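# Architecture and fold: a report
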Amino acid sequence: MSTTPNLVVESSKGRQTLTTSTADLNLRLSELLRRKHLPLNTRCGQRSLCDGCVVELTHGKVVHTATGETVEAPRTIRGCEYRLAIDGEVEVRIPPRSLLAYEPQVVSDFKTKVPHAHDPLWQQIPIPAGGLGAIHRRRPVRVAPAVGRARPPGAPSFATLEYHGDHWLVTGISPQPDPHPLGIAIDIGTTTVAILVTDLRDGKVLGGAANFNKQMHLGDDVLTRINLCSTDPTMTKHLQELIVKDTLAPLITEALAKAGAAPGNIRCMTIAANTTMLHLFAGVDPSSIGVAPFTPTFLEHRIISSADLPFPEPISRSPFTIHLLPGAAAYVGADLTAGAFATGLVYDEGPALLVDVGTNGEIVLKRGDKLYGCATAAGPAFEGAGLTNGVRAADGAISHIDITGNPLTVKLDKIGKSTPIGLCGTAYVDFLAVGRESGLLNNRGRIEKDAVTDKDGRIIPWKEYGLAFRVAYGQGKTDIVIAETDIANLLQAKGAIAAGILILMERIGLTPAQIKTLYLAGGFGLHLDRAHAIRCGLLPGFTPEQIEVVGNTSLAGAYLALLDCGALDEIARAGSKMEVIELNQDPRFEYRYIEQLSLPD
């Protein structure tokens, strides 16, 4: 008789029976399922702080890893809290929102507002009659030791140049120019990653790909990942492998296939990301970013070789140069400096704002010839993390909500055609705005049951605390709801971003009405209802006419830097001259934050 139980899993991938070993009995369900290629949304780093990994125990029993308590079906449990019992078959159902297998809606679209030259970081030029020493560029030209300085009669006639910031380096000579040199621009986000493959000869985009950042398995936000590295020295390397080998390598392979090209054609790569993501990509311990005075190991433009990274075959077969774009501070990274350049903010007469509504709520203000930047810890609520039925933008996600009353009437927009699986961030912003406008919510975000006519019974008691509003039904007629606890989390995220915007403007002596353009960046901003963002107080005091949606400006900056070394110089200049405002040191921030925790009247 077997001493280890079978694990039967029902999910959107179908019904599967997984065999287990004795060693598997020591693993949490979330870890066991990840090893069986059914990863759950362990958004909080398996710390029991969210409901991302909730599964339904439909048969058998499991053991709580911390208390040793055995529980039996039927039961809803967190996969990170339980392991299999010693014997007896176990069956679980994974709700679609808990399975980290749906396709994300990652934005690789962007709008650039700056002209750029075609002067790529990797290029080939004819060798002049005077030899390699006669090559002239805006920066000094040096010759690698392995490359001869002279041009003897009959020698190859093309030189390969690579940009190194303060100089160009001649790295090779050849009789003919490379027929198909490729460059790759990358945006590494905390949640998602997007890449573009380009022809370095003319800048044409040949293919792209996007997906989740596989580091998500170990935590939704940068602080969780920093803490992992500070408590376990092996985690830096592990997180590097998750981004390089498990995330980027498959994306590069996918994008190259679309471009009809091979890894051996890659010559150069640029990466824009927040400061923590760049450290983890480079295999540098980010622990110093997590404690005051929040000092990164590097912020400057950094060049590394792909040979020094854990890329698998066949990408590792032909090494290429990777440029990490420069940032401004620990929490005002290269993604923001790249965006400030790509949107034209650095040249905008202003006053102008760049706002990227994400986990960090990054903000840049331009006034005159000065740049000011700050970041506010909004948390991942607008990405659906920690919310009862929150999901990232994907097939089946409810993307927009409209509520009118009385009586209460609800209209929904959904991504794709599948059964609803939950709500993404744009829908939550809608709910805060129209919920307040319809009378469903009071200014503290509480559900006003007696103030509206609810003929469909959408307002329901929720678990041990408060009320919830049923938005829709999911698979098996399960409730998809927004609970009052969710609203509290959303107000905290909204309040942090709004307070950051207001404090930054106040420090410079500006009001929202004086801002000529608010550039709204990121995938979240691309699909956000601007009027609702204003109405709920996320963008307090602005008008829709002031807001310009600009898409993935981090990827835009990486793309421009790849094709124009002057753009990389300008991004570095923006980072070096930006005055970074530490909001936690401003005594007014807490006041503004508390003030913004309510919904406007």
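Structural data are supplied above this passage.
Heads up: these notes are all about the structure in this document. (Residues numbered from 1 in each chain as written. Predicted model: local features only at pLDDT ≥ 70, side-chain atom pairs only at ≥ 80, totals over all residues. Heavy atoms only, no water.)

This paragraph deals with the overall build of the chain. Each helix and strand counted, the chain has 12 helices and 30 strands in total. Taken over C-alpha atoms, the radius of gyration comes to 26 Å for the chain, in line with the 25 Å a tight globule of 601 residues would show. With respect to the principal axes defined by its C-alpha atoms, the chain has extents near 85 × 70 × 45 Å. The proportion of buried residues among the 601 residues of the chain is 58%. The contacts of the chain with a sequence gap of at least 6 include a subset with a gap of at least 24, amounting to 66%. Of the roughly 23800 Å² of accessible surface on the chain, 50% is carried by carbon and sulfur atoms. (Helix = DSSP H or I, 4+ residues; strand = E, 2+ residues; numbered from the N terminus. Rg over C-alpha atoms; globule rule 2.2 N^0.38 Å. Buried < 20%, exposed > 50% of the residue type's maximum accessible area, 1.4 Å probe, protein only. Contact = heavy atoms within 4.5 Å. Areas by Shrake-Rupley, 256 points an atom, 1.4 Å probe, with all protein chains shown as cover.)

Evaluated as defined, the whole model comprises 19 salt bridges. Where D479 meets R470, a salt bridge forms, and the shortest distance between an N and an O atom there is 2.9 Å. Its relative accessible area of 28% is what places D479 among the partly exposed residues. Notably, a salt bridge pairs R592 with E595, separated by 2.5 Å at the nearest N-O pair. In this pair, R592 and E595 are both assigned in helix α12 (residues 589-595), three residues apart and thus about one turn of the helix distant. Judged by relative accessible area, R592 falls into the partly exposed class, the value being 22%. Looking at E595, the relative accessible area reads 31%, which means it is partly exposed. If you follow the salt bridges from partner to partner, you end up with E506, R507, D586, R588, R592 and E595 in one network. (Salt bridge = Lys/Arg side-chain N within 4 Å of Asp/Glu carboxyl O.)

On to the packing of aromatic side chains, then. Enumeration over the complete set of coordinates arrives at six aromatic pairs. Both rings, one in F311 and one in F320, keep their centres 6.1 Å apart while their planes meet at 50 degrees; by these two values the pair is tilted. By relative accessible area, F311 is classed as buried at 6%. Judged by its relative accessible area of 3%, F320 falls in the buried class. Its end group placed over the ring of W168, R137 keeps NZ or CZ at 6.0 Å from the ring centre. Above the plane of the ring of F298 lies R302, whose end atom (NZ or CZ) is 4.0 Å from the centre. (Phe/Tyr/Trp six-rings, centres within 6.5 Å; stacked < 30°, edge-to-face > 60°. Lys NZ or Arg CZ within 6 Å of the ring centre and 35° of its normal.)

A separate point is the pairing of strand β11 (residues 158-163). Burial analysis of β11 places six of its six residues in the buried class, which makes it a mostly covered element. Going residue by residue along β11, you find F158, T160 and E162 tucked away on one face and A159, L161 and Y163 tucked away on the opposite face as well. As paired strands, strand β9 (residues 122-126) and β11 are joined by five bridges and run antiparallel to one another. Bridge pairing in β11 links Q123 to L161. Summarising the sheet, β11 and strand β12 (residues 168-174) pair through six bridges and their orientation is antiparallel. Looking at the pairing, L161 lines up with V170 of β12. Hairpin connection from β11 to β12: four residues lie between these consecutive antiparallel strands, with G165 at a positive phi of about 85 degrees. (Pairing = 2+ DSSP bridges.)

If you walk across this open sheet you meet the three strands as β25-β26-β27, and the pairing is antiparallel. Each of the sheet's edge strands pairs with one partner strand only, and the pair in question is β25 (459-461) and β27 (479-483). Direction aside, neighbouring strands of the sheet carry axes that sit 45 degrees apart on average. Pairing between β25 and strand β26 (residues 467-473): three bridges, direction antiparallel. Looking at β26, one finds that P461 is bridged to L467. Its contacts with the sheet put helix α7 (residues 484-508) on β26 and β27, and the angle it makes with β27 is roughly 55 degrees. (Axes fitted to C-alpha atoms, helices over the stretch in contact; angles between N-to-C directions.)

This part takes up the pairing of strand β18 (residues 321-324). Going residue by residue along β18, you find T321 and H323 tucked away on one face and I322 and L324 tucked away on the opposite face as well. Here strand β16 (residues 266-273) pairs with β18 via four bridges, running parallel. The partner of M269 across the bridge, within β18, is I322. Bridge count between strand β17 (residues 302-305) and β18: four bridges; the pairing is antiparallel. Each bridged residue has a counterpart across the sheet, and for R302 the counterpart in β18 is L324.

Look at helix α5 (residues 334-342) against helix α11 (residues 565-577): their axes get within 9 Å of each other, and the N-to-C directions meet at 115 degrees. As α5 packs across α11, the resulting crossing turns out to be right-handed. Side by side, α5 and α11 meet where T337, A338 and F341 of the first sit next to A567, E570, I571 and G575 of the second. In terms of residue class, the contact of α5 with α11 is made up of four nonpolar, two polar and one charged. (Left-handed = near helix turned anticlockwise from the far one by under 90°. Nonpolar A, V, L, I, M, F, W, Y, C, P; charged D, E, K, R; others polar.)

Spatial relationships are all this shows, so hold off on functional conclusions.
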